[in-house]
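# An overview of the molecular structure
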Amino acid sequence: MPDWDILLTDANIATMRADASDYGVIIDGAIAIAGDRIAWIGESRDLPAGSAGETRSLAGGWVTPALIDCHTHLVFAGDRSGEFEARQRGASYEDIARAGGGIMSTVRATREASADELYAAALPRVQALAAEGVGTIEIKSGYGLTIDSELKMLSVARQLGTATDVTIRTTLLAAHTVPPEYKDKADAYIDVICDELMPEVVAGQLADAVDAYCESIAFNTEQVARLFERATELGLPVKLHADQLSDGGGAALAAQFSALSADHLEYTSSSGVQAMADAGAVAVLLPGAFLTLGETQLPPIDSMRELDVPIAIATDCNPGTSPICSLRIAMMLAARQFGLTPEECLAGATREAANALGLDDRGVLETGRRADLAVWNIGHPRELAYWIGSPQLQSLWLADSP
Ligand code: DI6
Ligand code: FE
């Protein structure tokens, strides 16, 4: 019986360990895998005696943790390309919303779509992310806004996880926007989510977290607080779309509820950053939405750095404000728009993205963690935020692969 199932040799490794500088690099390293875990990792010269069922040379290829996209809305029907074209021709968001466009056009299409149709539309988006080295994806509901449609979305997201080698984490975002049936009755809609939908989601184990859109055009802090109190009662961690278009106190509210993350954060105040630092919440930056909306207000990245707030990066893949299905491009945008370093970008798409999902079994290459690895045809890990849309993945090794 061999000690290890497979031994990868001749590898250059970016472990992304938080306690190491320079990507946690190991030159001329080896990785021993037993089952779904890393059994040993280090310099080849330090490899302990042991036998492997299979030994494979990576011929000097670079190995990083498989990438993690910690914020997507990639289950949805329809698209908003027509709105995009109208906007490029000069129409305003208000014009489009008055014409029934915007998020509600995606809600209508998603409600009408069957679960099979939603699955068929979402699967290529999962495959596109996996094709560039993503091994874990978070998928939110939030385009159903009725009990049945929200449950349908979460079930489809769960199914994407069972049908592929990718780990799918799901998040209930019924509090994405106020549905038309509850126009001017947002509090009553919050009651439905708390009293009817959330218990069903928990009973069906359909969500791993609860999220909300805390914004002047969506839900206020009092409504979000009610949601988060209920989620906490039911044992679900929380995360929050916070301070995207205005400083609504979202980051501080997320911190108050020990949220896994607060996301967007363009308008977060210094006190909001401090509250996140005190609570250990991860800042998830979403440069695809920043680009698509033509935002000019940058998130307070310097104070995040000063206060050691962990920074993750995600695609926010959604048809309205972030029609992007490439975490590598999101990394590139985070570097060029937000001024993150290539190392911060890679940490944001691995270690800190895992933290934003409350997952301590991945995102770093070290003994005991999942053997979720991406092997790249690159000369240095900084290239992963440098190249724009260039396919450099050599292979993706996922612990759940047969
Ligand atoms: N923030 C956003 O930018 C998206 N949702 C959210 O909470 C917008 C989603 C859409 O326009 O379809
Ligand atoms: Fe989002």
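A brief structural summary. For every chain, the first residue of the written sequence is number 1, and numbering continues from 1 along that sequence. Each chain takes a letter, starting from A, and each ligand takes a number, starting from 1, following the order in which they are written. Only residues with pLDDT of 70 or above have their local features reported here, since the model is predicted, and side-chain atom pairs are shown and tallied only from 80 upward, although totals for entire chains, interfaces and linings are computed over all residues. The basis for every side-chain value is the complete set of heavy atoms in the structure, and neither hydrogens nor water enter the calculation.

## Thoughts on a negative patch on the surface
Counted only if it meets this: A residue counts toward a patch only above 30% relative accessible area and without a salt bridge, and it is joined to like-charged neighbours within 9 Å or, for Val, Leu, Ile, Met, Phe, Trp and Tyr, to nonpolar neighbours within 5 Å. Areas reported as accessible are Shrake-Rupley estimates using a 1.4 Å probe. Residue values count occlusion only from the protein chains shown. Any carboxyl oxygen of Asp or Glu that lies within 4 Å of a side-chain nitrogen of Lys or Arg is treated as forming a salt bridge with it. Within this scheme the basic residues Lys and Arg register as positive and the acidic residues Asp and Glu register as negative, but His and the chain ends are omitted. A charged residue contributes its charge at one atom only: NZ of Lys, CZ of Arg, CG of Asp or CD of Glu. Put simply, DSSP H or I for four residues or longer makes a helix, DSSP E for two residues or longer makes a strand, and each gets a number counted from the N terminus. Only protein chains enter the accessibility calculation, which uses a 1.4 Å probe; a residue is then buried when its area is under 20% of its type maximum, exposed when over 50%, and partly exposed in between.
A contiguous patch of negative charge on the surface is contributed by Asp 148, Asp 195, Glu 196 and Glu 200. A total of three residues in the negative patch trace back to one element, the largest contributor, which is helix H6 (residues 186-203). Look at Glu 200 and you get partly exposed, because its relative accessible area is 41%.

## So, the pattern of salt bridges
Oppositely charged side chains can form a pair if their charged atoms are brought close together. Taken as a whole and judged by the stated rule, the model has 22 salt bridges. Residue Arg 89 pairs with Glu 85 through a salt bridge whose shortest N-O separation is 3.9 Å. Using a relative accessible area of 70% as the deciding quantity, one classes Arg 89 as exposed. Residues joined by salt bridges that share partners form a network here, namely Arg 17, Asp 19, Glu 366 and Arg 369.

## What about the site of ligand 1?
Filter applied, for reference: Any residue with a heavy atom lying within 4 Å of a molecule or strand is counted as near it. Polar contacts, as used here, are pairs of N or O atoms within 3.5 Å; protein pairs need one atom able to donate a hydrogen and one able to accept it. Residues neighboring in sequence count only if both atoms are side-chain atoms. Under the convention adopted here, Pro, Cys and the residues Ala, Val, Leu, Ile, Met, Phe, Trp and Tyr are nonpolar, Asp, Glu, Lys and Arg are charged, and Gly plus all remaining residues are polar.
If you check the shell around ligand 1, you find Arg 80, Ile 103, Tyr 143, His 176, Tyr 213, His 241, Gln 244, His 264, Asn 318, Gly 320 and Thr 321 and nothing else. Taking His 176, its side chain carries an N or O atom lying 2.7 Å from a nitrogen atom of ligand 1. Interatomic distance of 3.5 Å between a side-chain N/O atom of His 241 and an oxygen atom of ligand 1. Protein chains bury 95% of the 320 Å² of accessible surface belonging to ligand 1 in isolation. Counted by class, the shell around ligand 1 contains three nonpolar, seven polar and one charged residues.

## So, the nonpolar core
Our working rule: As used here, the term nonpolar core means buried Ala, Val, Leu, Ile, Met, Phe, Trp, Tyr and Cys residues forming a set that is joined through side-chain atoms within 4.5 Å. Note that the domain bounds were set by an automatic or database domain assignment. Throughout, a residue-residue contact means that at least one pair of heavy atoms, one from each residue, lies within 4.5 Å.
Residues Leu 74, Val 75 and Leu 160 are the most contacted members of the largest nonpolar core, which totals 102 residues. Tallying contributions element by element places H6 first for this core, with nine residues. Here this core spans two domains, since at least three of its residues come from each of domain 1 (4-64 + 364-397) and domain 2 (67-356). Excluding its chain neighbours within four sequence positions, the residues that come into contact with Val 75 are Leu 118, Ala 122, Arg 125, Ile 139, Tyr 143, Met 153, Val 156, Ala 157 and Leu 160. If you look at the next biggest cluster of nonpolar residues, it comprises 16 residues, including Ile 6, Leu 8, Ile 31 and Ile 41.

## Quick look at the packing of aromatic side chains
Each aromatic ring pair is characterised by the separation of its centres together with the angle its planes make. Convention followed: Whether two aromatic rings pair depends on their centres lying within 6.5 Å, for rings of Phe, Tyr and Trp, where Trp uses its six-membered ring; planes under 30 degrees apart make the pair stacked, over 60 edge-to-face, and the rest tilted. Consider the ring centre and the ring normal. A charge sits over the ring if Lys NZ or Arg CZ is within 6 Å of that centre and within 35 degrees of that normal.
Summed over all chains, the structure comprises six aromatic pairs. Of the aromatic side chains, those joined through ring pairs into one cluster are Tyr 182, Tyr 189 and Phe 219. Here the basic side chain of Arg 125 rests over the ring of Phe 76, its NZ or CZ set 3.7 Å away from the ring centre.

## Side note on the packing of H6 against helix H7 (residues 221-233)
Between two packed helices, the angle of one axis relative to the other and the distance separating the axes together describe the packing. Rules: Between N-to-C directions, angles cover 0 to 180 degrees, with each direction set by a line fitted to C-alpha atoms, over the stretch in contact for helices. What sets the label is the angle itself: under 35 degrees gives roughly parallel, over 145 gives roughly antiparallel, 65 to 115 gives roughly perpendicular, and the rest give oblique.
Between H6 and H7, the least distance of the axes is 10 Å, while the angle of their chain directions is 10°. As the angle between them shows, H6 and H7 are arranged roughly parallel. Side by side, H6 and H7 meet where Ala 186, Asp 187, Ile 190, Asp 191, Ile 193, Cys 194, Met 198 and Pro 199 of the first sit next to Gln 223, Arg 226, Leu 227, Arg 230 and Ala 231 of the second. For the contact of H6 with H7, the residue count by class is eight nonpolar, one polar and four charged.

## Regarding helix H12 (residues 327-338)
Within H12, nine of the twelve residues are buried, which leaves it mostly tucked inside the rest of the structure. Where H12 is concerned, the buried positions are Leu 327, Arg 328, Ala 330, Met 331, Met 332, Leu 333, Ala 334, Ala 335 and Phe 338. One or two positions beyond H12, positive phi appears at Gly 339, with a value near 80°.

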